Amino acid sequence: MNAGPMGVGSKLMWAGVAGLGAVSFGIVALTRGEAVNAAWLVVAAVCIYFIAYRFYALFIVNRALGADPTRQTPAWRRNDGLDYVPTHRYVLFGHHFAAIAGAGPLVGPVLAAQMGYLPGTLWILVGVVVAGAVQDMTILFLSTRRDGRSLGDMIRAEMGPVPGTIAGIGVLLICIIILAVLALVVVNALKASPWGTFAVFCTIPIALLMGVYTRFIRPGRVLEMSIFGAMLLLAALLYGRTVAETPELASMFTFSGPALALIIIGYGYVASVLPVWLLLAPRDYLSTFLKVGTVVLLAIGIIIVHPDLQMPALTKFVDGTGPVWAGGLFPFLFITIACGSVSGWHSLIASGTTPKMIENENQVAFIGYGGMLMESFVAIMAIIGACVIHPGVYFAMNSPAALIGSTADQAAQVISSWGFVVTPDVLSQMAQDVGEKSILSRAGGAPTLAVGMATILSQFLGGKAMMAIWYHFAILFEALFILTTVDAGTRVCRFMIQDLVGSAIPGFRETKSWSNNLIGSALSCALWGYLLYAGVNDPFGGIYTMWTLFGTANQMLAAIALTLCTVVLYKMKKQRYAWVTIVPTVWLVLCTVTAGLEKGFSSNPAIGFLAQAGKFGKALADGNVLAPAKTLGDMSRVVFNNYLDGTLAIVFVAVVVVTVVYGVIGIRKALGTPTSTAHEVGAIGLVGGAR
Amino acid sequence: MSKLAAWYARARQTARLMIGVPDYDTYVQHRKTFHPGEAIMTYEEFFFERQAARYTVSKDRMKGCC
């Protein structure tokens, strides 16, 4: 894995990869007026990944971090056969990728496609190479050198208790917002869709059955249970069509957005207080395998079908007037893409179980950097999925009803007036093809991606007749793992609330107490449930408002993690190479602070929460109703929620600024000390696993 | 054939670790080598222990969201 001097053959090979990448990238970036094939995008991305890995990741690992192949990793030093186990790098790569891959990289790029395929693609590729993968790898390295300690612990040890606490609050906020936003994605996908709702509801009894099977009938037989569960899931998916086509059954599974929101909040509460083996674990197993399987299937589909991208490279919405989310290219494109190129959340995973199993320090590039490159490839596939469908269909699915109306005729007229000519027939035909009554205003990425996936997959498996099944398969797969996240995330929030409240009432910290768990879960569900319910009832469409907030929070956590990396590089006396983390830190701080300030204080009501609150508050005081609100009740909800969101945006800015100040203090201290002051654990000593 | 078997074993190991269950044989080997004479969990006990551990949230155990 070390980058030694290159032979002639390997020089030629890398020159070839670079040439191919440059040509493909040129085609993707410079073609105007005619459709670009998705294959060029895939080839360009893969070439960039290989070059970035070979020349940048290995440089960072060998020079900046100074990985030492002779140093014992925690897996050897604390080997217990359970948490700390030296694990083959391919096996660990799979584990790490499954842990970081989630809904984020599927949603963000789809929403970013409103500016055309090019801006999103560029940031997914550049962002992952210089920011996202660097963060994941460096945090993994730091945690490996500290017995696999968590991000919060490392911040406390290296930067002090205050930034540690601040980071903790940041994590709690992200957690609450991501739960609300992801639940909102599910609501938008399932509202008035009996087929999807039936299939997703069925996952609950199926998971319960699987839970009982692995607990009592055939304990621990994961393969059998997964095959059995997957078959039941497939049956539910196929029977869903009958449900949708039978009026009596269909009416039982047709829900409005607010009703679905309440159901999901109730589900989140019940699921998070049940024993884990009954519902959470089996559902997690199913969703993990389905997620990895679907990603592979989609990759194969894109390669075989290699469709043309229908979306132009750039749309007129680069000026910030887009219908899907508000705000200009800088900083909001970067905030919107979030997890596909850099995700703060990964800093929690890279300091979780992976560092306890890594065999050798020289594998951090393969697992940390490589895992994130894979995640970025998922984001590239998501943007391809969103861009292979008719742009008119894309905007019909992602614009709020307040803008495009609620019939195909109105929507087609409005969207055509934006320059994306589409007929009402195209919109209703697409709805019919995927087995839905309407596809309008289903913002949130999942339904759009489902249409894109159905378009691609049906071309090589099953033809048009299968399109409705592929669409609902895609919805089911996304809903399944989002609901797993809702369950697991509610537990994480509960723990953090217990920890926070526990500093005032110590008895509340006891996580084994049933009453504490019941109260903690209720508090946790109330927090994200409130935001979810507000989002569902938001006359602007919740995604329009809330995704930006989530993106800001996520990038804020990444900025915190990268600040830690920078401080530690200085403490290790590696300041010569500190630019590798300083560059992405500065960029993320600029993005989050600008976005937070604009969301807070912009005088344009479409962007600034406080301006919006002021505008609606003034009208409310005069007794007027402003569109898209329909009643005075709507009006006061808009005012309150905008004040709430504005406050959150400002809190994010404060968190970033305080962390950076502590970072600068830490760096100055480190510069004043002649020797390394990093708090590493373990000594150097040769042990197996070097490859 | 043995190559195929090795490939299958590794794929199985990967799939299991994805859901938080490390290799059982490695665990047994570890106990025998470093803790001779001490109790070794059966596969079922091992599975339940790992399952509970994966979902127990604590200061250094947080599951991902996105």
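Rules used in this analysis
Residues numbered from 1 in each chain as written. Chains lettered and ligands numbered in written order. Predicted model: local features only at pLDDT ≥ 70, side-chain atom pairs only at ≥ 80, totals over all residues. Helix = DSSP H or I, 4+ residues; strand = E, 2+ residues; numbered from the N terminus. Rg over C-alpha atoms; globule rule 2.2 N^0.38 Å. Buried ≥ 20, exposed ≤ 12 C-beta atoms within 10 Å, placed from the backbone. Contact = placed C-beta atoms within 7 Å. Nonpolar A, V, L, I, M, F, W, Y, C, P; charged D, E, K, R; others polar. Core = buried A, V, L, I, M, F, W, Y, C linked by C-beta atoms within 7 Å. Axes fitted to C-alpha atoms, helices over the stretch in contact; angles between N-to-C directions. Parallel < 35°, antiparallel > 145°, perpendicular 65-115°, else oblique. Left-handed = near helix turned anticlockwise from the far one by under 90°. pLDDT = per-residue confidence, 0-100.

K.L.:
Explanation requested: the overall build of chain A in the structure shown.
P.N.:
Within chain A, the regular secondary structure consists of 27 helices and zero strands. Computed over its C-alpha atoms, the radius of gyration of chain A comes to 25 Å, within 12% of the 26 Å expected for a compact globule of 691 residues. Along the three orthogonal principal directions, the C-alpha set of chain A runs to about 70 × 65 × 60 Å. Within chain A, buried positions represent 58% of all 691 residues. Once local pairs closer than 6 in sequence are excluded, the contacts in chain A between residues at least 24 apart make up 81%.

K.L.:
Mind showing me how you'd approach the overall build of chain B here?
P.N.:
A count of helical and extended segments in chain B gives three helices and zero strands. Sequence-ordered secondary structure for chain B, helices as α and strands as β, is α-α-α. Sorting the 66 residues of chain B into buried and exposed places 29% on the buried side.

K.L.:
Just to check I follow, could you spell out the interface of chain A and chain B for this structure?
P.N.:
Each side of the interface is counted separately: chain A has 43 residues, and chain B has 29 residues. Those elements giving two or more residues to the side of chain A that touches chain B turn out to be α4 (89–100), α8 (161–190), α13 (280–305), α15 (346–349) and α22 (467–502) of chain A. With seven residues, α4(A) is the largest single contributor of residues to the side of chain A that touches chain B. Within the side of chain A that touches chain B, the residues separate by chemical class into 24 nonpolar, 15 polar and four charged.

K.L.:
Whenever I open this one, the environment of Val638(A) confuses me. Can you help?
P.N.:
Mapped onto the fold, Val638(A) is located in helix α27 (residues 632–671). Residue classification places Val638(A) among the buried positions, given that 26 C-beta atoms sit within 10 Å.

K.L.:
Just checking my understanding: could you explain the nonpolar core for this structure?
P.N.:
Soluble globular proteins tend to bury their nonpolar side chains together. Residues and elements named next belong to chain A. Ranked by internal contacts, the top residues of the largest apolar core, which has 257 residues, are Ile 177, Ala 180 and Val 186. Sorting elements by how many residues they give to this core places α22 first, with 22 residues. Apart from the residues within four sequence positions on either side, Val 186 is in contact with Ile 264, Ala 479, Ile 482 and Leu 483.

K.L.:
What is the right way to read the packing of helix α7 (residues 151–159) of chain A against α8(A) from this model?
P.N.:
Residue and element names in this part refer to chain A. Here α7 crosses α8 at 155 degrees, and the two axes come no closer than 7 Å. Accordingly, the angle class assigned to the pair α7 and α8 is roughly antiparallel. The hand of the α7/α8 crossing is right-handed. Of α8, the residues touching α7 (which contributes Leu 151, Gly 152, Ile 155, Arg 156 and Met 159) are Pro 161, Pro 163, Gly 164, Ala 167 and Gly 168.

K.L.:
Mind showing me how you'd approach the environment of Glu359(A) here?
P.N.:
Residues and elements named next belong to chain A. When you line up the elements, Glu 359 lands in the loop between α15 and α16 (364–387). Under the C-beta neighbour-count criterion, Glu 359 is labelled buried, with 22 such atoms within 10 Å. Between the C-alpha atom of Glu 359 and that of Pro 119, which follows or precedes it by 240 residues, the distance is 38 Å.

K.L.:
I'm lost on the confidence of the model for chain B in this one. Help?
P.N.:
Residue and element names in this part refer to chain B. Looking at chain B as a whole, the pLDDT averages 88, with 86% of positions reaching at least 70. By mean pLDDT, helix α3 (residues 43–55) is the weakest element of chain B at 93, and helix α2 (residues 24–34) is the strongest at 95. Interface confidence for the predicted complex, given as ipTM, is 0.94, next to a pTM of 0.96.

K.L.:
Help me out: how do you make sense of unusual backbone geometry in this one?
P.N.:
Across the chain, the bulk of peptide bonds are trans and the bulk of non-glycine residues have phi less than zero. Residue and element names in this part refer to chain A. The omega torsion of the bond from Phe 330 to Pro 331 falls at 0 degrees, within 30 degrees of zero and hence cis. Structurally, Pro 331 can be placed in helix α14 (residues 329–337). In this structure, Pro 628 follows Ala 627 across a cis peptide bond, with omega equal to 5 degrees. Here Pro 628 lies in the loop between α26 (609–621) and α27. Its identity is not glycine, yet Asp 147 carries a phi of approximately 60 degrees, on the positive side. On the secondary structure map, Asp 147 appears in the loop between α6 (117–144) and α7. A positive phi is found at His 306, a non-glycine position, where the angle reads about 25 degrees. The topology assignment puts His 306 in the loop between α13 and α14.

K.L.:
Hey, could you run me through the packing of helix α5 (residues 104–112) of chain A against α16(A) in this one?
P.N.:
To describe two helices that pack against each other, one gives the angle between their axes and the distance between the axes. Residue and element names in this part refer to chain A. The N-to-C vectors of α5 and α16 enclose an angle of 40 degrees; their axes lie 8 Å apart at closest approach. As judged from the angle between their axes, α5 and α16 are oblique. In this structure, the crossing between α5 and α16 has a hand that is right-handed. Facing α5, whose interface residues are Pro 105, Leu 106, Pro 109 and Val 110, α16 presents Glu 375, Val 378, Ala 379, Ala 382, Ile 383 and Ala 386.

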